[in-house]
Each structure stands twice: as C-alpha cells, then as structure tokens.
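Observations on the three-dimensional arrangement
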Amino acid sequence: MDPGGPALGGIPPSDAARGPDPIARLSYPELRVGSEVGRGGFSVVSLVERVDLGEAEAGSETEAEVLARHDLSNTVLTRTGMSRYVVKTLRNDLPETEYTKGIVDLAVEARFLSQLSHPNIISMRGMASSDPLEARFFVVLERLTVTLDYRLLEWRRECGAALGSLWLGPCLGHCLADRPALNRIWIDRLLTARDVAAAVGYLHRNSVLYRDLKPDNVGYDGRGRPKIFDFGLAKRLHPDDHVGGGLYSLTGNTGSLRYMAPEVALGLPYSHRADAYSFGIVLWQICALATPYAGYTPAMHSDLVIDRGLRPRPSDGWPVPWTDLMRRCWSARIGSRPEFDEVVATLDQEIDDLLLEGGGEEGRRRQLAAIEAARVGDGGDGGGLDLDLDLDLG
C-alpha cells in the first residue's frame, strides 16, 4: 500500500495472501516458443515449450533469482508433456502510436504482477531481463486453459441438458429436469463469482483498482481455478490523486463500456467501488447466462445506462440475497456499493446453502427457483434480458 494512502475495506494488506515469489529474469533467446494461443489488442500469447538457460552475467542475480530461473526451466512441462507457461509479447503489426501504448500496457502489467500473489490472480513466473520499456520486453505467465466467456457457454449447454424437454409451469417445472445437476451448476457458477470477488478484494486491500473486470479477463487454470488476468489498466491509488470523499482523480472512460461504472464513463472522480459496479454486472451475467445490454450501441448505452440508470433485471426466481447483492453493486450511489469482503461473505453463505440443500420444502423451493432461473437464462445471447431503472443518480 502506498505510504500514507487510505486503507480500503478497513483490512490491512498484511493479512492478505503471501508475498510474491522471486521472478525469473530471462533473455528471449533462452525461450523455446511454441504455437500462438491468444491475441489481444496489443499483445500475442504463445506457449513456452522449453527454457534453455544461458550464462547470466556474473553478479547480476541474487540467489533467489538464480533459483527462480532453474525452477522455471525445470517445470515447463507437465508429466503429460503439456506446457505449463505462456509468454506474452507485443504484436509486431501495431502502428507506432498503438505500439507505444502496448509497451506501457505490458510494463504496467509486469510491475503489478511482480508485487501480487493470490490464488485467484494469474502468476507471473518470469520476465525479460531488459528494460520494461524496450520493444522486446516479455513476461512469462502461468497458462490458463479457458476464459469465463467459454465457461458461460458451457454452463448454458449443461443447463439445457439438465432441464429436460417438458415444461409444466413454474409450480412443477420441467418434469424431466435433473435437479442435482442444476444445483451443481449453480454451485460452480457461484464459486467462480466468489473467487473473482476474493481476488478483487485482495487488490483493494493493497490499494489497487483493477478497472477492467469482465468475463474476457477471467481465466481458469488446469485445475479449474478461476484467476483474473490482464493488468494493463490496473491503477494503484495514491494519496496525491485523492480529491476527498474517498474519490480519486483518475483517467475516465477506462475499461470496457458494458461493465464500466457510470462515474468512470462520465470522467468523474471515482474509487475502488468502480470495480464493485463491474462485478455486479458480471454476477448478473453468471446467473442469467446471457449478455448484458446485448445489441446496445455506445450511444444507446450512454443514454440508457449511464444517463438514465438502466440495469439488467434479475430473475424473480433468484434468491433475494443474490439480487440484493447485484443491485447494491451496480447502484448509481457509489457509497452504497459493498466492499468485497462483504461480497465474499454473502456468496460463501449462498454456496453453503446450496451445498446443504437436497431435502425438505425449502430445498425443493430453491431447486425449483434454480430451474426457473436457468430456463429464463437459456434464451440465447441476451435471452431473458430485461431492464429496470436505477433512479439513484446522485
């Protein structure tokens, strides 16, 4: 946390995850780079097939850095021969202005990941030994297999298969529905939401604002653990930017419009609670299995969402704690949005309730509500999307 900076959430950073491990410093020729697995606006991500360590300059490394280099080299492949790591470099087809932005973006990401360590944040295992602002700078990251976008499609297919084919109305539901399967899918979805919230809460305890929370930036490792990645827009809150009332003078219109807090879109001062707004929209998407504001143009979004306060409408079948949490997260009143320790506690309780269900009238009621909510959300891209008006524009 910045010296003198205000603590976020009232929880000191010392009680968060352990400190980061030493980062291996490498030259690009030491990497055997495999096939491309992803491409973004500024960067390209490729598999690391091997690390052939050369001779480091005498006295240039600490003992911990030497061990980090050897550990990385010895753990590149799994026992089945799969690459554990990827290398992220700048694209070579960017125009000059975009290239400069890309260099800064990658340098910012490396700086943050070298200081962070949390089970739900992607880990950086290595980086270029050169200056971060040089053209050949790169970072070596743990490999993630799929993104939350892909998992949302998977959950929709699984819900469709579990629902059965004969709908008998909201009282009886689908007569062939596989209720245990639907319950498991709900648990999987809420576990993802809970882990993402835990990661953002960790960032806030360390005075870091993420600013780009969306399904595209949540991935899963080989064990199925969700992790947020892409820290190019992250910002460490500093007392010099504080303008009072817990708000900071920061760059506006930063992030993805669909998930962007109104105050950010309008270029007004904002705080870490802008991430709570984004989380509320993502949580609705995880529950609805539909795209929020599907088909909206930027002008429509600006008019209806930013200026007039429209929000996605939660299903009537969802439990009240879920819908209350969403609405509080995306409230136009910045101070009404919850801290992420509260978000995690709420989701933990809801997951516990789902795990304990299976008998009695309450269990049957919640299972039927889950079936109805899954049915509403299984209507295609934007299916089940309705809008309600958040009039709290102050």
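These notes cover the structure that comes with them.

Quick notes on the layout of surface pockets
- By volume, the largest pocket is sized at about 950 Å³.
- Considering the residues around the largest pocket, the lining is formed by 32 residues, among which Ser123, Arg125, Glu142, Asp221 and Lys227 are closest to the centre.
- Going through the elements one at a time, α1 (63–74) and β5 (124–128) are the ones with two or more residues in the lining of the largest pocket.
- For the second largest pocket, the lining is made up of 34 residues, of which Val45, Lys88, Asp216, Phe229 and Asp230 are closest to its centre.
- Of all the secondary-structure elements, those providing two or more residues to the lining of the second largest pocket are β2 (31–39), β3 (43–51), β4 (85–90), α2 (96–113), β6 (138–142) and β7 (146–147).
- For the lining of the second largest pocket, the element with the highest residue contribution is α2, accounting for four residues.

Focus on the sheet that holds β3
- Across the sheet, six strands lie side by side as β1-β5-β6-β4-β3-β2; this open sheet has mixed pairing. Of all the strands in the sheet, just β1 (24–26) and β2 have a single pairing partner and so form its edges. Here the average twist between neighbouring strands, direction ignored, is 30°.
- As paired strands, β3 and β4 are joined by five bridges and run antiparallel to one another. If you follow Leu47 over to β4, its bridge partner there is Val86.
- In this fold α1 packs onto β1, β3, β4, β5 and β6, with an angle of close to 75° to the strand it touches most, β1.
- Its contacts with the sheet place α2 against β4, β5 and β6, and it is angled at close to 145° to β4.

The rules behind each value
- Residues numbered from 1 in each chain as written.
- Predicted model: local features only at pLDDT ≥ 70, side-chain atom pairs only at ≥ 80, totals over all residues.
- Heavy atoms only, no water.
- 1 Å grid on protein atoms, 1.4 Å probe; cavity = no way out; pocket = protein on both sides within 12 Å on 5 of 7 lines; lining within 4 Å.
- Points joined across faces, edges and corners; volume = space filled by probe spheres on them.
- Helix = DSSP H or I, 4+ residues; strand = E, 2+ residues; numbered from the N terminus.
- Pairing = 2+ DSSP bridges.
- Axes fitted to C-alpha atoms, helices over the stretch in contact; angles between N-to-C directions.
- Contact = heavy atoms within 4.5 Å.

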